[in-house]
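# What the coordinates show
Each chain, letter by letter, is given below.
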Amino acid sequence: DFRTHGGVDITGDMGSPVRLFANGTVTEIYDDTSFGKTVVVDHGNGVTARYSNLSCDLPQTTAVGAALEGGTVIGAVGNTAATECADVSHVHLEILKDGVRIDPKAYLSSEK
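We now turn to the structure provided with this report. All residue numbers refer to position in the chain's written sequence, counted from 1. Local features in this predicted model are restricted to residues of pLDDT 70 or higher, and side-chain atom pairs are both shown and tallied only at a pLDDT of 80 or more, whereas totals for entire chains, interfaces and linings draw on every residue. Here the side-chain values reflect all heavy atoms present in the structure, with hydrogen atoms and water set aside.

## Some points on the pattern of salt bridges
The term salt bridge refers to a pairing of a side-chain nitrogen on Lys or Arg with a carboxyl oxygen on Asp or Glu at a separation within 4 Å. The final tally for this structure, using the stated rule, is 3 salt bridges. Where E94 meets R101, a salt bridge forms, and the shortest distance between an N and an O atom there is 2.8 Å. Remark: exposure states derive from per-residue accessible area (1.4 Å probe, protein chains only) relative to the maximum for the residue type, with buried under 20%, exposed over 50%, and partly exposed in between. Overall, the relative accessible area of 45% leaves R101 in the partly exposed class. Members of the salt-bridge network, linked through shared partners, are R50, E94 and R101.

Okay, here's the thing in C-alpha cells:
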C-alpha cells in the first residue's frame, strides 16, 4: 500500500494537548482506518485542517458544529493511526486550501 504523506507530523509526548492553530468550526469527527481519530476544522477563507492520530477521548467541547477559538484544546496526542503507529508520538496535521493540500508550515509559522 503506497500513499502520499499529505501533511506534517508534529511530535509531542503521548497525551500532550493538541490546540487549534486558528479560530474554526468543527465539521467532522471520525475514526480513519489509516490515520486514526481525526477532527476536521473549517478555519474559514477556504482553509480546512485535519488533525489526526488523536487520542480516543476528546474534550466535550470538541463536537461537530462547535465554533472554537485558536488555541483551544481539541484533543491529545494519541496512538490511533495504524499507518504511523511505529513512529514517535505525534499529531498528524493536513491543511487544505480550497480543497487542495498545502504545506501546513505556512500556517504554523510564528510570523503569522
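Next comes the rest of the write-up.
## Some thoughts on the nonpolar core
Of all hydrophobic cores here, the largest spans 17 residues; its most connected members are V18, Y51 and I74. Of all elements in the fold, only strand 4 (36–44), strand 5 (47–54) and strand 8 (90–97) reach the threshold of two or more residues within this core. Looking at this core element by element, the count peaks at 4 residues for strand 5. We call two residues contacting when some pair of their heavy atoms lies within 4.5 Å. Here I74 is in contact with V18, L20, V39, Y51, L58, P59, T62 and L68, once residues within four sequence places are set aside. Buried Ala, Val, Leu, Ile, Met, Phe, Trp, Tyr and Cys residues that are joined via side-chain atoms within 4.5 Å together make up what is termed a nonpolar core. A run of DSSP states H or I qualifies as a helix once it reaches four residues; a run of E qualifies as a strand once it reaches two. Both are numbered from the N-terminal end.

In short, geometric facts, not functional conclusions.
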